[in-house]
Amino acid sequence: MLLSYFGEVKNERCGKCSNCLGLASVKNCETSILIALKHGPISLKELELQVDAPLKDIINSIRELMDKSQIALTPVNTYTLL
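Here the structure is a predicted model, which is why all the values come from computation and not from measurement.

In terms of helices and strands, the chain carries four helices and two strands. Ordering the α and β elements of the chain from the N terminus gives α-α-α-α-β-β. Split into buried and exposed, the 82 residues of the chain put 26% on the buried side. Considering only intrachain contacts with a sequence separation of at least 6, the fraction spanning at least 24 residues in the chain is 45%.

As structure tokens, then:
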């Protein structure tokens, strides 16, 4: 972001700054959620117990996965794979 402010463009990620590391942790969280859901529908509380990530990261990952139509919320408030 800072580079773009000054008109510079960089397409590759450094893997060291908080922005790049944050993206990696979200991807790991998404992967963990998808693995947990392979066993069947799971509530947010159960995901919180199974996924080794802060709750806010789990919620953000759930939103991303729902936006990508990979998971859905069921009528009984559990998440399931699509």
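Text resumes after the structure shown.
Take the nonpolar core next. The biggest cluster of nonpolar side chains holds 12 residues, and these are Cys-29, Ile-33, Ala-36, Leu-37, Ile-42, Leu-47, Val-51, Ile-58, Ile-62, Leu-65, Ile-71 and Tyr-79. Listed by contribution, the elements that provide at least two residues to this core are α2 (18-37) and α4 (55-67). Residue contributions to this core peak at four residues, all from α2. The contacts of Ile-71, once residues within four sequence positions are left out, are Leu-34, Leu-37, Ile-62, Leu-65, Met-66, Tyr-79, Thr-80, Leu-81 and Leu-82.

Between the first and last C-alpha of α4 there are 18 Å, a value that for 13 residues agrees with the 18 Å anticipated at 1.5 Å per step. Every buried residue of α4 is accounted for by Asp-57, Ile-58, Ser-61, Ile-62 and Leu-65. Buried residues of α4, seen end-on, are gathered within an arc of 140 degrees and therefore sit on one face of the element. For α4, exposure combined with an orientation more than 90 degrees from the buried face picks out Lys-56, Arg-63 and Asp-67. Immediately beyond the C-terminal end of α4, within one or two residues, lies Ser-69, with a positive phi of roughly 55 degrees.

Take the pattern of salt bridges next. Side-chain pairs of opposite charge can arise where the charged atoms are in close proximity. Throughout the structure, instances matching the rule amount to two salt bridges. Here Glu-48 ties to Lys-45 by a salt bridge, and the two come within 4.0 Å at their closest N and O atoms. One end of the pair is Glu-48 and the other is Lys-45, both in helix α3 (residues 44-50) and three residues apart, which spans about a single turn.

Mapped onto the fold, Gly-40 is located in the loop between α2 and α3. With a relative accessible area of 19%, Gly-40 lands in the buried category. For Gly-40 and Tyr-79, which are 39 residues apart along the polypeptide, the C-alpha to C-alpha distance reads 8.5 Å.

Moving on: the side chain of Glu-30. With respect to the element layout, Glu-30 can be found in helix α2. Polar contacts involving the side chain of Glu-30 include one to the side chain of Lys-68, which spans 3.0 Å. Look past the residues within four positions of Glu-30 in its chain and what remains in contact with it is Ser-61, Glu-64, Leu-65 and Lys-68.

The rules we used
- Residues numbered from 1 in each chain as written.
- Predicted model: local features only at pLDDT ≥ 70, side-chain atom pairs only at ≥ 80, totals over all residues.
- Heavy atoms only, no water.
- Helix = DSSP H or I, 4+ residues; strand = E, 2+ residues; numbered from the N terminus.
- Buried < 20%, exposed > 50% of the residue type's maximum accessible area, 1.4 Å probe, protein only.
- Contact = heavy atoms within 4.5 Å.
- Core = buried A, V, L, I, M, F, W, Y, C linked by side-chain atoms within 4.5 Å.
- Expected span 1.5 Å × (residues − 1).
- Arc of directions from axis to C-beta.
- Salt bridge = Lys/Arg side-chain N within 4 Å of Asp/Glu carboxyl O.
- Polar contact = N/O pair within 3.5 Å; in protein donor to acceptor, adjacent residues only side chain to side chain.

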